[in-house]
Amino acid sequence: MNHWLVKSEPDAYSWNKFVQEGKAVWDGVRNYQARNNLMAMKTGDQVLFYHSVIGKEVVGVAKVCREAYPDPTAGANSGTAPTPWVVVELEPLMPLPRPVTLAQLKAEPLLANLALLRQSRLSVMPIRPDEFECILALGC
DNA sequence: GCCAACGTTGGC
DNA sequence: GCCAACGTTGGC
């Protein structure tokens, strides 16, 4: 199983709304690196849910319930593009009893290479198993 | 193909 | 509100 982290501004789409709805179509990703990560996700993979800008903390764990398919919100350019934009579907797995803040992540030596810290603008990124376990431990 | 201008993201 | 990082666009 692989592990990932996705970002969302809670103003736009919060963990609470995600839980209320029970499922999310992760659409609107318009960055190639993030798109490649979406395409590598497999059903059952676990995904950390991070609140950017407001909160700046990992608030819960989701899992992939449907693998990548074309993004219905992408324009009608699908014919020419080599690979169109894609979405995955996620569902909530569990909230973190103690959300893990960005400051905590930065303070943890084991997380020094975390993609979130090294590429602050990437919105969908892989997380190593040991990093995933570390963040989970901080949050429980 | 280079690079300046510009827009967006996200931390502070 | 500001600014750094960085992706995209468009002129040349």
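Residues numbered from 1 in each chain as written. Chains lettered and ligands numbered in written order. Predicted model: local features only at pLDDT ≥ 70, side-chain atom pairs only at ≥ 80, totals over all residues. Heavy atoms only, no water.

**With respect to the overall build of chain A**
Working step 1: Across its full length, chain A carries five helices and six strands.
Working step 2: Ordering the α and β elements of chain A from the N terminus gives β-α-β-α-β-β-β-α-α-β-α.
Working step 3: Whereas a compact globule of 140 residues would reach a radius of gyration of roughly 14 Å, chain A reaches 15 Å, a difference of no more than 12%.
Working step 4: Judged by the C-alpha coordinates and their principal axes, chain A covers about 45 × 30 × 30 Å.
Working step 5: For chain A, the residues scored as buried account for 43% of the 140 residues in total.
Working step 6: Taking the contacts inside chain A whose residues are at least 6 apart along the sequence as the reference set, 70% of them involve residues at least 24 apart. (Helix = DSSP H or I, 4+ residues; strand = E, 2+ residues; numbered from the N terminus. Rg over C-alpha atoms; globule rule 2.2 N^0.38 Å. Buried < 20%, exposed > 50% of the residue type's maximum accessible area, 1.4 Å probe, protein only. Contact = heavy atoms within 4.5 Å.)

**A few points about the side chain of Ser8**
Working step 1: As for its placement among the helices and strands, Ser8 is situated in strand β1 (residues 3–8).
Working step 2: The class for Ser8 is buried, based on a relative accessible area of 8%.
Working step 3: Among the polar contacts made by the side chain of Ser8, one reaches the main-chain carbonyl oxygen of Tyr13 at a distance of 2.5 Å.
Working step 4: Beyond its immediate chain neighbours, meaning those up to four positions away, Ser8 contacts Tyr13, Trp26, Phe49, Tyr50, His51 and Ser52. (Polar contact = N/O pair within 3.5 Å; in protein donor to acceptor, adjacent residues only side chain to side chain.)

**As for the sheet that holds strand β5 (residues 86–101)**
Strand pairing in a sheet is mediated by backbone hydrogen bonds. Such pairs are either parallel or antiparallel.
Working step 1: Pairing within the open sheet is mixed, and its six strands lie in the order β2-β5-β4-β3-β1-β6. The two strands at the open ends of the sheet, each matched to only one other strand, are β2 (24–25) and β6 (124–127).
Working step 2: Here β2 pairs with β5 via two bridges, running antiparallel. Its bridge partner lying in β5, Val25 is registered against Glu89.
Working step 3: Contacts from helix α2 (residues 32–40) reach β1, β4 (57–70), β5 and β6, with the element oriented near 55° to β6. (Pairing = 2+ DSSP bridges. Axes fitted to C-alpha atoms, helices over the stretch in contact; angles between N-to-C directions.)

**What to know about the nonpolar core**
The tendency in soluble globular proteins is for nonpolar side chains to be buried side by side.
Working step 1: Counting residues in hydrophobic clusters, the biggest one holds 40 residues, and the most contacted among them are Trp26, Val58 and Leu90.
Working step 2: With residues up to four places along the chain from it excluded, the contact list for Trp26 reads Val6, Lys7, Ser8, Tyr13, Leu38, Phe49, Val86, Val87, Val88 and Leu90. (Core = buried A, V, L, I, M, F, W, Y, C linked by side-chain atoms within 4.5 Å.)

**Section: the protein's contact with DNA strand C**
Working step 1: Around DNA strand C, the surrounding shell consists of Asn31, Tyr32 and Arg121.
Working step 2: Here DNA strand C approaches the protein such that, of its atoms within 4 Å, sugar and phosphate make up 40%.
Working step 3: Within the side chain of Arg121, one N or O atom sits 2.2 Å away from a base oxygen of DNA strand C. (Near = heavy atom within 4 Å.)

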